[in-house]
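Below, each chain spelled out in residue letters.
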Amino acid sequence: MSEQNHAQALFEAWSSALRATPRLPFEEWAQAHIRNGDGTPFYFRPYQVAPAADLFNPKIASVALRAYSGAGKTYLFSVAYAFAIEQLKLKIGKMFPAENLSADWFFKKLMPILKETPVVASLPMVKDNVLFKAWENGSEITGVGANSAGRIRTLEVDVADADEIDAITSEIRDEGDKLQMFLRRTRGRKRQHHWLASYPSIVGGSKIDAAIDQSDGCAWFYECPKCNEPQSFHPKDIVWTSGKAHEAQVECPECSKTFSDKERKESVLQTGHFRDRDDKIIVAGELPSEQYGGRRGYHINCMAHVGDHADKFVSYLHEVAASAEQADNSENPKKARRVLINTLWAESYEEEYEEKADPEGLMADRDDYDPAGLLPEEITRIWGGADVNGKFIAVFIMGSGPSGFYGLNYTEIQGRWDSPQTWKALDRLRRRKWKHPNGAQLGIRRLFIDSRFQKNTVQSWTKPRQPQVMAVMGSPALGAPAFGSKRKDASTGANVMTLGVDELKDQVYDIIDKDTDTPFSAYFTDAIEDGVEMFGSEFFAGLLAEERDTKRARDGRVVTTFVHPAGAPRNEPLDCFTYALAAFKSDKRTEEAAKKALDGLANGQVDPEQPRPVRQYQPTRGFQGGKGWL
Ligand SMILES: [Zn+2]
């Protein structure tokens, strides 16, 4: 018998012995039976061993896991499912915030792993539906969504496994807490396991934070390779020189010495361990201290990572540092950082939304350029945003350049929406030119106008003026991206762009707030036109009329929404700035190309991309079926 065959025979004998011993500890079973996708044996990462030992411990009432993205949580739980099916013959309920997420998880995550696990794959199944799987040995898995209370109410399970619990939304008509309702479905069973997991969301509103707070609160510790002091390292301990993320190291808060990613990994593997909130070292398989009522909680941030890193980075620390740099340089740094805090720090996000610019501060900071005379030198393009009301059309016009946006004009064209005079005045403004210091006469490159109010009238005005003018509509979806689809309206034939106005307003509020770090700044002028300040106290009050709020979308993302409180000033300046920003962002031309086109314009060249001339206002042609117009 060759050595290999011998090993195989030994393994088979061992495996069959295992099957006769159903209470083999989960960690040992997994290492004997699970093969990774590439055929290599399964092994637990150091910080997975203690949670694995707890999952099927009948004396542990609940296991809460708050882990970073990349911790291998899905894999750990999938392997637990395989064990529960093959060895313990349990009935399991898996709840996600919505039913379709459960279906997705079965299809993309769980079933592929079960199929690669021979001892489970060979078990005959008696039911294999989208949300319900049953095996001949009596084990079952039912997928539910927190949005389907009826299905939750009829469940009877040994394991209640709730995932992404921070994305469970509550509605007024709900009868009680859906998570509690789900966990109660193990009542009366001999075995009762409660598993809770999620990325955290917002400080104060996080269900996984609450579960961790009620538990013994274990955190991952390892020794500093320099001073040997065991610590729970934080991603904030990663240090690097700006622009040199590949040199990222960890700086020990105790001894202030730095160490490399290789040293960090070695220390995780050799000295890593959990300590509970009372600093007691946790030994895998031991119960939580008595005062925590059998509730175990684990917090694991990305400093525990020992797996691979993405190929384009030299180390995992490089990868984390690069994502932090990328967030700082992104269009919405605050949002990007919030994602990192949730997914890499595995911490909930502390809202700082009270911090918004104040109208008085913006007034005081105004500049003294005079756009009617000469534009500020760095402006290369001009944008407009307009909002139509019953009695006036509000229009904001701004220039853009490398450092940001310059308010050039804010006007409320007085007149009813159904009066041609109102639209004539808007046309005059649309065709206006501003003088650039280089000699060019610069017009509005693109004007976005809201067509939610009086859609037919607005779109019959925009259609003949395309592409310089574009009708827009706000998306009703929570967390919609800044730009949705561009489509042709079926009844008016005009092009309509769908906008995620909450996302755009969030960017506007960051741009105008001097304390928020963004790639763009906003400038306003104190110049007077037609006897009034274009950007006076009323404009700034309107620009800041709305309040930020946060909500959780169905897919678990935390999204910013805007509310216009009763009694607050009118919000047309904010709406118009939002549309002008969208017009700017919709432009494919780079800043460099814009500068080139501007110089060409000064030399008498016609910009080939300049919006083509459009017809003058002609009521009979521009407004088909214009009854009520004249
Ligand atoms: Zn140290």
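Residue positions are given per chain, counting from 1 as you read along its sequence in written order. Only residues with pLDDT of 70 or above have their local features reported here, since the model is predicted, and side-chain atom pairs are shown and tallied only from 80 upward, although totals for entire chains, interfaces and linings are computed over all residues.

Q: Describe the packing of helix α16 (residues 501-512) against helix α18 (residues 572-585), and please don't skip the residues or the numbers.
A: All axes are obtained by fitting lines to C-alpha atoms, using only the stretch in contact for helices, and the reported angles, taken between N-to-C directions, cover 0 to 180 degrees. For the purposes of this entry, the term helix denotes a DSSP run of H or I that reaches at least four residues, the term strand denotes a run of E that reaches at least two, and both are numbered from the N terminus. Contact pair α16 / α18: the axes reach a minimum separation of 9 Å and the direction vectors enclose 95°. By the criterion of interaxial angle, the relationship of α16 to α18 is roughly perpendicular. Two secondary-structure elements touch here, α16 through V501, L504, K505, Q507 and V508 and α18 through L574, F577, T578, L581 and A582. Across the contact of α16 with α18, the residue classes tally to 7 nonpolar, 2 polar and 1 charged. Convention used here: angles under 35 degrees read as roughly parallel, angles over 145 as roughly antiparallel, angles from 65 to 115 as roughly perpendicular, and any remaining angle as oblique. Contact definition: two residues whose C-beta atoms, as placed from backbone geometry, lie within 7 Å. Each residue receives one of three labels: charged for Asp, Glu, Lys and Arg, nonpolar for Ala, Val, Leu, Ile, Met, Phe, Trp, Tyr, Cys and Pro, and polar for the others, Gly being one of them.

Q: Can you lay out the sheet that holds strand β25 (residues 521-523) for me, pointing to particular residues and giving the numbers?
A: When DSSP locates at least two bridges between a pair of strands, those strands are taken to pair. Strand order in the open sheet formed by 8 strands is β23-β24-β22-β21-β16-β17-β18-β25, with mixed pairing between adjacent strands. What marks the edges here is a single partner per strand, and that holds for β23 (483-488) and β25. Neighbour to neighbour, the strand axes of the sheet diverge by 30° on average, direction disregarded. Judged from the 4 bridges that link them, strand β16 (residues 381-388) and strand β21 (residues 446-450) form a sheet pairing that is parallel. Bridged to W383 within β21 is R446.

Q: So, the environment of L374: which residues are in play, and what are the values?
A: Positionally, L374 belongs in the loop between α13 (359-364) and β16. Given 12 C-beta atoms within a 10 Å radius, L374 is considered exposed. Taking the C-alpha atoms as reference points, L374 and Q441, separated by 67 residues in sequence, lie 10.0 Å from one another. In this structure, L374 is in contact with K435 and P437, ignoring residues within four places of it in sequence. Field definition: a residue is buried when 20 or more other C-beta atoms are found within 10 Å of its C-beta, exposed when 12 or fewer are, and partly exposed for counts in between, with C-beta atoms placed from the backbone.

Q: Report on the nonpolar core, specifying residues and quantitative values.
A: Burial of nonpolar side chains together is a common tendency in soluble globular proteins. One nonpolar core equals one set of buried Ala, Val, Leu, Ile, Met, Phe, Trp, Tyr and Cys residues connected by C-beta atoms within 7 Å. By size, the foremost hydrophobic cluster in this structure holds 85 residues, and its most contacted members are F26, A80, Y81, F83, A84 and I300. A total of 10 residues in this core trace back to one element, the largest contributor, which is helix α4 (residues 73-88). Within the second largest apolar cluster, 60 residues are counted, among which are W461, V469, I511 and A580.

Q: Could you give an account of the packing of helix α2 (residues 26-33) against α4, naming the residues involved and the relevant values?
A: Close contact between α2 and α4 brings their axes to 10 Å; oriented N to C, the two are set at 95°. Between α2 and α4, the angle falls in the class roughly perpendicular. Facing α2, whose interface residues are F26, W29 and A30, α4 presents V79, A80, F83 and Q87. Tallied by class, residues from the contact of α2 with α4 come to 6 nonpolar, 1 polar and no charged.

Q: Could you give an account of unusual backbone geometry, with specific residues and numbers?
A: Looking along the chain, the bond that leaves Q466 and enters P467 is cis, with omega of 0°. Along the chain, the position of P467 falls in the loop between α15 (455-462) and β22 (469-474). Phi at K89 is positive, roughly 55°, even though this residue is not glycine. You can see K89 is positioned in the loop between α4 and β2 (91-96). If you check the backbone angles, A346 has positive phi at about 55° while not being a glycine. Counting through the fold element by element, A346 comes out in the loop between α12 (333-343) and α13.

Q: For the environment of R431, give the residues involved together with the corresponding values.
A: Within the secondary structure, R431 is located in the loop between α14 (420-430) and β19 (433-435). Take R431: there are 13 C-beta atoms within 10 Å of it, and that puts it in the partly exposed class.

Q: Tell me about the pairing of strand β6 (residues 159-162), and please be specific about residues and values.
A: Burial of the side chains of β6 extends over both faces: V159 and D161 are buried on one face and A160 and A162 on the other. Relative to β6, β2 runs parallel, the two sharing 4 bridges. Within β6, the residue paired with I92 across the bridge is V159. The pairing of β6 with strand β7 (residues 193-197) spans 4 bridges and is classified as parallel.

Q: Describe the sheet that holds strand β10 (residues 238-239), listing the residues and the values that go with them.
A: Within a sheet, neighbouring strands are paired by backbone hydrogen bonds and run either parallel or antiparallel to one another. The 3 strands are arranged β10-β11-β12 in an open sheet whose pairing can be described as antiparallel. The sheet is open, and its two borders are formed by β10 and β12 (258-259), each paired with just one other strand. One ladder, built from 2 bridges, connects β10 with strand β11 (residues 249-251); its direction is antiparallel. Opposite V239, over in β11, you have Q249 as the bridge partner.

Q: Explain the environment of H193 to me, using residue names and the numbers behind them.
A: Position of H193 relative to the elements: it lies in strand β7. For H193, a count of 25 C-beta atoms within 10 Å corresponds to the buried category. In this structure the C-alpha to C-alpha distance between H193 and I60, which are 133 residues apart in sequence, comes to 7.5 Å. The residues contacting H193, other than those within four sequence positions of it, are L55, F56, D158 and V159.

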